[in-house]
Structure formats: C-alpha cells, structure tokens
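Descriptive analysis of the structure
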Amino acid sequence: MVKTAFYAMRHGETAWNAQGRFQGHSDIVLSPAGRAQALAGVAGLRAMLAKQPHLPAPERIMTSPLARARETAGIVRDALGLPEEALSVDTRLREAGFGAWEGLTTLEVKARFPQERRRRKADRWSYAPPGGESYADIDCAICSLLEELDRAPPSLLVTHAGNLRILMIRAAGRDPAEALRDSVGHGAVHLFDGGQMRPAPRPPDEIPSS
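For the structure given in this document, a descriptive report is provided here.

Calculation notes
- Residues numbered from 1 in each chain as written.
- Predicted model: local features only at pLDDT ≥ 70, side-chain atom pairs only at ≥ 80, totals over all residues.
- Heavy atoms only, no water.
- Buried < 20%, exposed > 50% of the residue type's maximum accessible area, 1.4 Å probe, protein only.
- Helix = DSSP H or I, 4+ residues; strand = E, 2+ residues; numbered from the N terminus.
- Pairing = 2+ DSSP bridges.
- Core = buried A, V, L, I, M, F, W, Y, C linked by side-chain atoms within 4.5 Å.
- Salt bridge = Lys/Arg side-chain N within 4 Å of Asp/Glu carboxyl O.
- Axes fitted to C-alpha atoms, helices over the stretch in contact; angles between N-to-C directions.
- Contact = heavy atoms within 4.5 Å.
- Parallel < 35°, antiparallel > 145°, perpendicular 65-115°, else oblique.
- Left-handed = near helix turned anticlockwise from the far one by under 90°.
- Nonpolar A, V, L, I, M, F, W, Y, C, P; charged D, E, K, R; others polar.

Counting buried positions along strand β1 (residues 6–10) yields five of five residues, so the element is predominantly enclosed. With burial as the criterion, each face of β1 is covered, one bearing F6, A8 and R10 and the other bearing Y7 and M9. Alignment of β1 against strand β5 (residues 189–192), held across four bridges, turns out to be antiparallel. Its bridge partner lying in β5, F6 is registered against F192. Examined bridge by bridge, β1 and strand β4 (residues 155–159) share four bridges and lie parallel to one another. Within β4, the position partnered with Y7 by the bridge is L156.

Residues F6, L146, L157, L167 and M197 are the most contacted members of the largest nonpolar core, which totals 26 residues. When contributions to this core are tallied by element, the ones reaching two or more residues are β1, α6 (135–149) and α7 (161–172). When residues in this core are grouped by element, the largest group, eight residues, is from α7. Counting 19 residues, the second largest nonpolar core, distinct from the first, contains V76, L82, V189 and A200.

One side chain can pair with another of opposite charge once the charged atoms of both are near each other. Going through the model one piece at a time under the given rule, you end up with ten salt bridges. The salt bridge partner of R92 is E148, with a shortest N-O separation of 2.9 Å. You can see R92 sitting in the loop between β3 (87–89) and α4 (106–112) and its partner E148 sitting in helix α6, a full 56 residues away along the chain. Shared partners join several salt bridges into a network, and the residues in it are D90, R92 and E148.

On to the sheet that holds β5, then. The strand order across the open sheet built from six strands is β3-β2-β4-β1-β5-β6, with neighbouring strands paired in mixed fashion. A single partner strand is all that each edge strand has here, and the edge strands are β3 and β6 (197–199). Averaged over all pairs of adjacent strands, the angle between strand axes in this sheet comes to 25°, irrespective of strand direction. Docked against the sheet, helix α2 (residues 32–51) engages β1, β4, β5 and β6, running at close to 155° with respect to β1.

Time to look at the packing of α6 against α7. It is the contact of α6 with α7, at a shortest axis distance of 10 Å, that shows an interaxial angle of 60°. Between α6 and α7, the crossing angle belongs to the class labelled oblique. When the axes of α6 and α7 are compared, the crossing they make is right-handed. Each of Y135, I138, D139, I142, C143 and L146 in α6 lies in contact with α7, whose residues at this interface are G162, N163, R165, I166, L167, R170 and A171. When its residues are assigned to classes, the contact of α6 with α7 shows eight nonpolar, two polar and three charged.

Written as structure tokens, this is what we have:
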C-alpha cells in the first residue's frame, strides 16, 4: 500500500500499563519509567540513523491525541531537534476504545466478562468489548493514514500497540493472526523500509517495559 519509508513508535509506559489495566481512550499520562522509555526509544532511532546514513531522518512527527502518546512525541521532538510545527496530532492514531473494560485488569475482565473475554480471544480482529472498538473498527483510519504517507515527508508516527500491529499488517504484509499476538514494547521504534517493518536497536541500559 505504501512505498515511502516511515517510522512508528509506541508511547512510553503509564501507571495503568504497569498495573496491567486496559486503557483505550482513558487519558493516562506517562510514568517516570515511560518517560525514560521514550528517551531510550529515540536514542535507538538516532543510533540507527547514525549507522545507516542512507535512511531518511524523520522530518515530522504525527501523534495520537492521547496524553501518553503526545508526551512521548514531545520527548522525541525535543531529542531530534525538530521545530514545534513539525509535531501534529492525528486522531487516526488513537488507540481503540475498550468501553466497559477500561480501567480493569485482565483478571478483573475475566471475572466480570468471562464470555466476552473468550469471544475476544477467539476473534481478536473483529470482536469489540461492550461499548468499545475492535481492531477492524480502527483499521480504516490506519489505512487512510498510510495512503497519505507516500505524499508526505519522512514521518514518525507515535501511537499504541494495537495500531502498530495494524501497521505491520497493512504496510508490511504481516500475517494478521501472528501480528495481533506480537509483543510491542513501550518506547519501541520500528522502521518501515518499503517492504518490512523492523525495530530500531534498543540501548542496553533501557528500562524494560511491563
């Protein structure tokens, strides 16, 4: 679908991430560990660009409107020395909502919504929690964004784990069943090089994600 190289990054960790809570549209800020992860992620990106000077450096950053992504994007913008106008918010990068599950841990969801939890495990692509959204619901927004990237300067997208999995499916042709189960670390940066998505190196002293 898209041939132009771009970068995609997951936001740093929040307190809810550390507690294993579903966040969705809940606007939770980064934790101290999350800010460190954002710095580690951009350090990995800078190291990759230094070792591979043929790669295009990001000229703009597009971010989910949620606070955890916006704060991550601001950290990245400062580290890359980009001007304020290089950073913009795009609602198409917002995480899918989890409806009635937001704020609950996985164990709490299993206890309160056992049948719904089993349905989601059986159909991770199409199932939406009560009052929430599915991967399929946000797929069109991601595809719309990808169509624009071929006409845009090199971009870095700051988004969420689920959105990154859809990017891997739509841009890089990953098998959906495999990609939807991939672990995506907090602060992880991926490069789409026109054919596949590969992670930037991570500094050895980074704070691990939960």
